[in-house]
Amino acid sequence: MKVFKRISASLACMVLSCSAFAWGGFEHSIVAYIAQEHLTENAQRNLRYYLDQPLTEYAEWMDHVPTQNTDVYKPLIWHTHAFYLNEDGSLPTKPLVSTGEYGGVHTMVMMLDAVADHKNQPDSVVVLYLRCLVHLFGDLHCPGHFMSREAPGGIMPGGDPKNHFQYGKCTYKGVSKSSHWLWDTALQNEKPGWTFEDWRLFLDTATPEQRAKESEGSFPDWLRECGRDVVQTYEWYEPGKDYDETWYSGKVAEYAHDHIRKAGYRLAKFLNEVFDYE
């Protein structure tokens, strides 16, 4: 594989290609950047066998993956608005609707398990799933991707997921947008002039002890935590309202900062647990 490129060069290239998925490309890249900074030397070395670029290069990949209906890409197509819990708090084992949409939980479990067992998996599968997981750790922590039972719009079983999109409609400085979009671009809109490095230095300030605490547990624990956390965000949004950059302050900014940082730390924890060996 190619020589591992310097992360600064990687980030410079990605500035030119930020998009507005949840989180947006900019926000996903910061999650990956924070994770990259906390990989052990062994983990970095072993990951190079599968990924020939820093994690930041794959932060947006899943939002641009081809959507052809093949066995390889089927698990990837419907990753948006994908995370939810069963009524009893257990993890779902199938998509929310029969078409395969909203199946992020069981898809991510499948990918996590396969990567953890990477020595017994085809290299091509591990490469594909690693690219996706770099993205999905960010999605898990984004309110635009979590379908809580307390969410407005009737999006859980028994309701129509499309109702949630109708509820989420708004404008931003007069331009038609959605609540999903507001979260997608949280950091970009809060401080438009800040770079990746500015945000990493601002967010990545935890001590090793604090990082360990924020990364405690594993995917089921993080899923349930995000499900609890997202409920409060519904009080911060009013359908049909015209928003501007002032929305990105106080509780909204604190939530975005907290969850983007945790996503980076937890991605690093998972990768270190799997790839930190001689």
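Our structure is the block above this text.
All residue numbers refer to position in the chain's written sequence, counted from 1. Only residues with pLDDT of at least 70 are given local features in this predicted model, and only at 80 or more are side-chain atom pairs given and counted; all residues enter the totals for whole chains, interfaces and linings. The basis for every side-chain value is the complete set of non-hydrogen atoms in the structure, without hydrogens or water.

Draft legend 1. Seen up close, helix H6 (residues 123–140). Note on conventions: DSSP H or I runs of at least 4 residues are helices, E runs of at least 2 residues are strands, and numbering of each starts at the N terminus. A helix's residues, less one, multiplied by 1.5 Å, set its expected span. With 18 residues, H6 should reach 26 Å at 1.5 Å per residue; the first-to-last C-alpha distance of 25 Å fits that figure. Two axes enter the definition of the bend at a residue: one is fitted to the seven residues ending there, the other to the seven starting there, and the bend is the angle between them. Its maximal kink placed at Val 134, H6 deviates by approximately 30 degrees. In terms of residue burial, H6 counts as a mostly covered element, since 14 of its 18 residues are buried. Burial classes follow relative accessibility: with a 1.4 Å probe on protein chains only, a residue under 20% of its type's maximum area counts as buried, one over 50% as exposed, and anything between as partly exposed.

Draft legend 2. Region of interest: the environment of Val 230. You can see Val 230 is positioned in helix H12 (residues 219–230). Expressed as a C-alpha distance, the spacing of Val 230 and Cys 142, which sit 88 residues apart in the sequence, is 8.3 Å. It only takes one pair of heavy atoms within 4.5 Å for two residues to be counted as in contact. When residues no more than four places from it in sequence are discounted, the contact partners of Val 230 are Pro 143, Phe 146, Ser 148 and Tyr 255.

Draft legend 3. Spotlight on the pairing of strand E1 (residues 169–172). Residue alternation in E1 divides its side chains into a buried set, Cys 170 and Tyr 172, and an unburied set, Lys 169 and Thr 171. Only strands that DSSP links by at least two bridges are regarded as paired with each other. Taken together, the four bridges between E1 and strand E2 (residues 175–178) define a ladder with antiparallel strand orientation. Within the sheet, the bridge partner assigned to Lys 169 lies in E2 and is Ser 178. In sequence, E1 turns back onto E2 through a hairpin of two residues, with Lys 173 there showing a positive phi of about 55 degrees. As paired strands, E1 and strand E3 (residues 242–243) are joined by two bridges and run parallel to one another. Bridge pairing links Thr 171 to Asp 242 in E3.

Draft legend 4. The arrangement of the sheet that holds E3 in detail. Spatially, the three strands line up as an open sheet ordered E2-E1-E3, and their pairing is mixed. What marks the edges here is a single partner per strand, and that holds for E2 and E3.

Draft legend 5. Broad picture of the pattern of salt bridges. When a carboxyl oxygen of Asp or Glu lies within 4 Å of a side-chain nitrogen of Lys or Arg, that pair is called a salt bridge. Scanning the model with the defined rule gives 10 salt bridges in all. The residue Arg 200 makes a salt bridge to Glu 37 at a minimum N-O spacing of 3.8 Å. Highlighted residues: Arg 200 in helix H10 (residues 196–203) and Glu 37 in helix H2 (residues 25–37), separated in sequence by 163 residues. Judged by its relative accessible area of 11%, Arg 200 falls in the buried class. Judged by relative accessible area, which is 38%, Glu 37 ranks as partly exposed. Salt-bridge contacts for Asp 204 lead to Arg 200; the nearest nitrogen and oxygen are separated by 3.5 Å. With respect to class, Asp 204 is no different from Arg 200; both count as buried.

Draft legend 6. Region of the structure containing the environment of Gly 138. For Gly 138, the position within the fold is in helix H6. On the accessibility criterion, Gly 138 (0% relative accessible area) is buried. In the structure, Gly 138 is positioned 122 residues away from Ile 260 in sequence and 6.8 Å away in space, judged by C-alpha atoms.

Draft legend 7. Local environment of H2. With 13 residues, H2 should cover 18 Å at 1.5 Å per step; its first-to-last C-alpha distance of 18 Å lies within 8% of that length. Counting buried positions along H2 yields 12 of 13 residues, so the element is predominantly enclosed.

The values are spatial; any link to function lies outside them.
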